[in-house]
Amino acid sequence: MPSDPQTFETYRPLLFSIAYRMLGSAMEAEDMVQETYLRYEMVQDNPIEFPKAYLSKIVTRLCLDQLKSAKTQRENYVGTWLPEPLLTGESTNVGFDERETISMAFLVLLENLSPIERAIFLLRDVFDYSYAEIAVIVGKSEANCRRYYHRAKQYLTERRPRFEPSSAEQHKLIEGFIQAITLGDVEGLTELLAEDVVMYGDGGGKAAATRHPLMGREAVIRLMFGSYRLIPPETQVQFAEVNGTPSLLFRQHDTLFYVINFTIVDNKISAIRGVLNPDKLVYLNQHSQGSQSS
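Residues numbered from 1 in each chain as written. Predicted model: local features only at pLDDT ≥ 70, side-chain atom pairs only at ≥ 80, totals over all residues. Heavy atoms only, no water.

A. Structural detail: the packing of helix H3 (residues 51-69) against helix H7 (residues 131-138). Interhelical geometry of H3 versus H7 gives an angle of 50 degrees and a closest axis separation of 8 Å. Relative to H7, the element H3 is oriented oblique. Crossing of H3 over H7 shows right-handed handedness. Mapping the contact onto sequence places Ala53, Ser56, Lys57, Thr60 and Arg61 in H3 and Val136, Ile137 and Val138 in H7. Class assignment of the residues belonging to the contact of H3 with H7 gives a composition of four nonpolar, two polar and two charged. (Axes fitted to C-alpha atoms, helices over the stretch in contact; angles between N-to-C directions. Helix = DSSP H or I, 4+ residues; strand = E, 2+ residues; numbered from the N terminus. Parallel < 35°, antiparallel > 145°, perpendicular 65-115°, else oblique. Left-handed = near helix turned anticlockwise from the far one by under 90°. Contact = heavy atoms within 4.5 Å. Nonpolar A, V, L, I, M, F, W, Y, C, P; charged D, E, K, R; others polar.)

Printed below as a string of structure tokens:
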């Protein structure tokens, strides 16, 4: 039989990696991978000589179609849109060198590219496909693919934020963060935040969250202390690596309801991203039960 399930499983992590970076949603990425498998399974007549290229083409085109259909939904999204959090770290198949391109800051930046620019940039820069391979995958000429890539590359290079992957030092800093919040230690929290720290909240209209980025240390401190007072006393707080950077997971009765993701530069918290939209926490809730308690 031309389509081989074992061959597909070999490439499943790659297909998920492409789809997640394209869509910014782990659940949608899983759907795209499953649909790719169904289409692959239907191949009966002709042997697939290059399964990696074949599968990459299917999943990329599915994602492009998904982005087109989701365009209005993204434009009408209530408040700040953030990617669906994804657990990374030693227990996952996300490699160390992949973490920057899976960070929330990078995925948000990708949203400013057109779907075809995003696909071509990712296939070339992250997954190291040749222009000839990319041309077949996206159905464009090699010359057009080069133009799309260089335009995307220029845009991202000019705006790409600094990235420092999760480390033991960052873990310690986040422990200090939650301790300062818990104790109401304004001075201690001030020491941990960069002066120009920015906080983003994603409630999607389904949970209370700041709808616009909050700029500056004083404003962020006020919001953090105010928000923490509203968290139920029986809440469990866990430390985990999410999207390549340290994060805090808040659970009540084993249900994840809040994720705070941190960007740390020069040992200071430079950005805080809070995801409260319950639809975006389902996948992470299912895959993070074993996270380390803070």
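B. A look at the nonpolar core. Counting 50 residues, the largest nonpolar core has Met22 and Val138 as its most contacted members. Within the residue set of this core, elements represented by two or more residues are helix H1 (5-23), helix H2 (26-41), H3, helix H5 (104-110), helix H6 (115-126), H7 and helix H8 (142-159). At nine residues, the largest contribution of residues to this core is made by H1. Excluding its chain neighbours within four sequence positions, the residues that come into contact with Met22 are Thr60, Cys63, Leu64, Leu67, Pro115, Arg118, Ala119 and Leu122. Listed in part, the 27 residues of the second largest apolar core include Ile174, Tyr258, Ile260 and Leu276. (Core = buried A, V, L, I, M, F, W, Y, C linked by side-chain atoms within 4.5 Å. Buried < 20%, exposed > 50% of the residue type's maximum accessible area, 1.4 Å probe, protein only.)

C. Focus on the side chain of Arg21. Relative to the helices and strands, Arg21 is located in helix H1. When its relative accessible area of 2% is taken as the criterion, Arg21 is described as buried. Among the polar contacts listed, one links the side chain of Arg21 to the backbone oxygen of Ser17, at a separation of 3.3 Å. There is a polar contact of 3.2 Å between the side chain of Arg21 and the side chain of Thr101. Ignoring any residue separated from it by four or fewer positions in sequence, one finds Arg21 in contact with Glu98, Thr101, Ile102, Leu107, Leu110, Arg118, Leu122, Val126 and Phe127. (Polar contact = N/O pair within 3.5 Å; in protein donor to acceptor, adjacent residues only side chain to side chain.)

D. Quick look at unusual backbone geometry. Phi is positive for His253, close to 55 degrees, though the residue is something other than glycine. Inspection of the secondary structure assignment puts His253 in the loop between strand S4 (245-252) and strand S5 (255-265). The backbone of Asp254 sits at a positive phi, close to 65 degrees, despite the residue not being glycine. Along the chain, Asp254 turns up in the loop between S4 and S5. Residue classification places Asp254 among the exposed positions, given a relative accessible area of 52%.

E. How the structure looks around the sheet that holds strand S2 (residues 214-215). Within the open sheet, the six strands sit side by side as S2-S1-S6-S5-S4-S3. Their pairing is mixed. Pairing within the sheet leaves two strands with one partner each, and these edge strands are S2 and strand S3 (236-242). Relative to S4, S3 runs antiparallel, the two being bridged by seven bridges. Looking at S4, one finds that Glu241 is bridged to Pro246. Sheet strands touched by helix H9 (residues 168-183): S3, S4, S5 and strand S6 (268-275). Its angle to S4, the strand with the most contacts, is close to 40 degrees. (Pairing = 2+ DSSP bridges.)

F. Representation of H1 within the structure. Maximum bend of H1: about 45 degrees, positioned at Tyr11, with proline Pro13 one to four residues after it. Here H1 has its buried residues at Phe8, Leu14, Leu15, Phe16, Ser17, Ile18, Ala19, Tyr20, Arg21, Met22 and Leu23. Tucked inside the fold, the buried residues of H1 contact H2, H3, helix H4 (71-75), H5, H6 and helix H12 (282-287). Downstream of H1 by a residue or two, Gly24 has a phi angle that is positive, lying close to 70 degrees. (Bend = angle between axes of the 7 residues up to and from the residue.)

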